[in-house]
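# Summary of structural features
This is what each chain is made of:
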Amino acid sequence: MSIIHYKHHDYNVAVDEEKRGKHRDNCLCYKCERFNPTPSDPKNNCRIAQILFSVCLAFGITTVMWECPAFMKKIIESGGSDES
């Protein structure tokens, strides 16, 4: 494991080089129907995701949601389920 440092949203952060930039690939939120991260309308976002995002902003961190009691599988536009 190689730890690197870089600037991310005005913060100097450390990250495992192999995991850098892979947050969205691993975060359950991006596969959830409730997830709507619109900065202009935070009340339209999942309450859990919004609170977690507030913590990320406050501390300059990035988190991955692995497990969630509010998860609802996102329905893709073609009408099928997102199996990824």
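In this report, we go over the structure that sits alongside the text.

Before going further, it helps to examine the overall build of the protein. Assigned secondary structure in the protein consists of 2 helices and 2 strands. Beginning at the N terminus, the succession of helices and strands in the protein can be written as β-β-α-α. Once the C-alpha set of the protein is aligned to its principal axes, its extents read approximately 40 × 30 × 20 Å. Taking all 84 residues of the protein together, the buried fraction comes to 21%. Taking the contacts inside the protein whose residues are at least 6 apart along the sequence as the reference set, 44% of them involve residues at least 24 apart. Averaging the locations of the 11 positively and 11 negatively charged side chains of the protein gives two centres separated by 5 Å.

All told, the structure shown has 1 salt bridge when counted by the stated rule. The salt bridge involving D16 is made with K19; its shortest N-O contact spans 3.4 Å.

The next point concerns the layout of surface pockets. Of the pockets and cavities examined, the largest pocket occupies roughly 1,100 Å³. H8, H23, I61, T62 and T63 are, among the 36 residues lining the largest pocket, the residues nearest its centre. Of all elements in the fold, only β1 (3-8), β2 (11-16), α1 (23-26) and α2 (47-59) reach the threshold of two or more residues within the lining of the largest pocket. If one sorts the elements of the lining of the largest pocket by residue count, α2 sits on top with 6 residues.

What follows covers the environment of Q50. With respect to the helices and strands, the residue Q50 is situated in helix α2. For the pair formed by Q50 and F35, sequence separation is 15 residues and the distance between their alpha carbons is 8.8 Å. Those residues within four positions of Q50 in sequence are excluded, and the remaining contacts are P42 and N45.

Aromatic ring pairs are defined here through the distance separating the ring centres and the angle between the ring planes. For the structure shown, the criterion picks out 1 aromatic pair. Each ring, one from Y30 and one from F35, has its centre 4.8 Å from the other, and the planes form 70°; the classification is edge-to-face. On the basis of relative accessibility, which here comes to 26%, the residue Y30 falls in the partly exposed class. In this arrangement the basic side chain of R20 is found over the ring face of Y6, its NZ or CZ atom lying 3.6 Å from the centre.

Procedures and definitions
Within each chain, residues carry numbers counting from 1 in the order of the written sequence. Whole-chain, interface and lining totals are the exception, using all residues; otherwise, since this is a predicted model, local features are given only for residues with pLDDT of at least 70 and side-chain atom pairs are given and counted only at 80 or more. Note that water and hydrogens are dropped before the side-chain values are worked out from all heavy atoms of the structure. Comment: elements are numbered from the N terminus, with helices defined as DSSP H or I runs of at least four residues and strands as E runs of at least two. Each residue is assigned to one of three classes by its accessible area relative to the maximum for its type, calculated with a 1.4 Å probe on protein chains only: buried under 20%, partly exposed between the two thresholds, exposed over 50%. Residue contacts follow a heavy-atom distance rule, with two residues in contact if any of their heavy atoms lie within 4.5 Å. Residues scored as charged are limited to Lys and Arg (positive) and Asp and Glu (negative), so that His and the chain ends carry no count. For charged residues, the charge sits on one atom: NZ in Lys, CZ in Arg, CG in Asp, CD in Glu. Any carboxyl oxygen of Asp or Glu that lies within 4 Å of a side-chain nitrogen of Lys or Arg is treated as forming a salt bridge with it. A 1.4 Å probe that fits into a set of points on a 1 Å grid over the protein atoms alone but cannot get out defines a cavity; an open set with protein on both sides within 12 Å along at least five of seven lines defines a pocket, and lining residues are those with an atom within 4 Å of a point. Grid points are joined across faces, edges and corners, and a volume is the space filled by probe spheres set on the points. Under the pairing criterion, centres of Phe, Tyr and Trp rings, with the six-membered ring standing for Trp, must be within 6.5 Å; the plane angle then separates stacked pairs below 30 degrees from edge-to-face pairs above 60, leaving the rest tilted. Here, over-ring charges are defined by two tests on the NZ atom of lysine or the CZ atom of arginine: distance to the ring centre within 6 Å, and angle to the ring normal within 35 degrees.

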